[in-house]
Amino acid sequence: MQGVLDIIRKRQSARIPFDSERPVAKEDLRQILEAGRWAPTAHNMQNFQIIIVDDKKVLGAIGRIKFTVSETFVRENYQQLSFSEEELLRKKVGILGTMFPPAWRTPGYKPDKDADSRRPIQTSPVMLIVVYDPNRRAPASEGDFLGIVSLGCIMENMWLMANSLGIGFHVVSAIGTDPVAKEIKSILNIPDHLKIPFAFRLGYPVSPPAKYPRVRRDIEGFTHHNRFGNRYKDVKYLGSDL
Ligand SMILES: Cc1cc2nc3c(=O)[nH]c(=O)nc-3n(C[C@H](O)[C@H](O)[C@H](O)COP(=O)(O)O)c2cc1C
């Protein structure tokens, strides 16, 4: 049995093709869904539905949708990128630029066909599309901020479960943005009023995950002690004068 922190640390994005000949077992998918089922949600509203897609024709139709990259994405993506491993290790936040095709990481670059090359959906044995009803909201939660946080809890629970079963998990959030979302809704018969916050591919990677530095800030980089700005340093006991 792996420890919780160990599973959390090993969770990783699988931005690589999955083996189309290696299906995900029904029982494993059930455990992933069970993990999502028990996720905490604001007011226990559980405002989500999940469409499980394993029909090759349907996956093919989703994979053929043209995902165009918006100028806004390219500009804001650029702000999060590092262009060397050293830069990323120093910053401790963001992503390595080389993980994206040139069209996604170069402001002003004319998108070309490689803009579409990172979502090997057709070869994924299964894809899960998460939808929620934006007409409901956690009580008094402006913009349903709490409902959206809840969707994150659902994502993380399923991601941890999948990875702990040795199953690759790749979030494809562009599926939720128009015009892609419109096409997905039409293919999957999703009622128009529902929104797609994210989707993810599940499967067994054809090769080991690409090696890239996985960076996070140190705990001291985001904690404050008793008042904002007062850096938290480890103390022996919390809540005591010792
Ligand atoms: C809400 C959310 C949306 C994400 N969308 C995408 C996505 O569309 N494509 C992708 O490759 N990764 C996506 N990711 C994965 C993050 O980029 C990834 O978790 C982060 O870079 C850290 O890398 P790691 O997952 O390997 O630890 C998303 C993650 C979250 C939490």
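To start, this report covers the structure provided alongside it.

**With respect to the sheet that holds strand β1 (residues 49-53)**
Move 1: Spatially, the four strands line up as an open sheet ordered β1-β4-β6-β5, and their pairing is antiparallel. Edge positions in the open sheet fall to β1 and β5 (168-171), since each of these has one partner strand only. The sheet shows a mean angle of 20° between the axes of neighbouring strands, taken without regard to direction.
Move 2: Bridging between β5 and strand β6 (residues 195-203) involves four bridges; their strand directions are antiparallel. Looking across to β6, one finds that F169 is bridged to L202.

**Details of a nonpolar patch on the surface**
Move 1: On the surface, V4, L5 and I8 cluster together into a nonpolar patch covering about 280 Å² of accessible area.
Move 2: Positionally, I8 belongs in helix α1 (residues 4-10).

**Overview of the nonpolar core**
Move 1: Membership of the largest hydrophobic core comes to 21 residues, with the highest contact counts inside it found for F169, F200 and L202.
Move 2: For this core, the leading source of residues is helix α7 (residues 145-164), giving six residues.
Move 3: Those residues in contact with F169, other than ones at most four positions away along the chain, are Q12, S13, A14, F18, M155, M158, W159, A162, N163, F200, R201 and L202.
Move 4: In this structure, I62, V172, A181 and L188 belong to the second largest nonpolar core, which totals 19 residues.

Reading the values: the criteria
Residues numbered from 1 in each chain as written. Predicted model: local features only at pLDDT ≥ 70, side-chain atom pairs only at ≥ 80, totals over all residues. Heavy atoms only, no water. Pairing = 2+ DSSP bridges. Helix = DSSP H or I, 4+ residues; strand = E, 2+ residues; numbered from the N terminus. Axes fitted to C-alpha atoms, helices over the stretch in contact; angles between N-to-C directions. Patch = residues over 30% accessible without salt bridge, like charges linked within 9 Å, V, L, I, M, F, W, Y side chains within 5 Å. Areas by Shrake-Rupley, 256 points an atom, 1.4 Å probe, with all protein chains shown as cover. Salt bridge = Lys/Arg side-chain N within 4 Å of Asp/Glu carboxyl O. Core = buried A, V, L, I, M, F, W, Y, C linked by side-chain atoms within 4.5 Å. Buried < 20%, exposed > 50% of the residue type's maximum accessible area, 1.4 Å probe, protein only. Contact = heavy atoms within 4.5 Å.

Coordinates in, geometry out; function isn't part of it.
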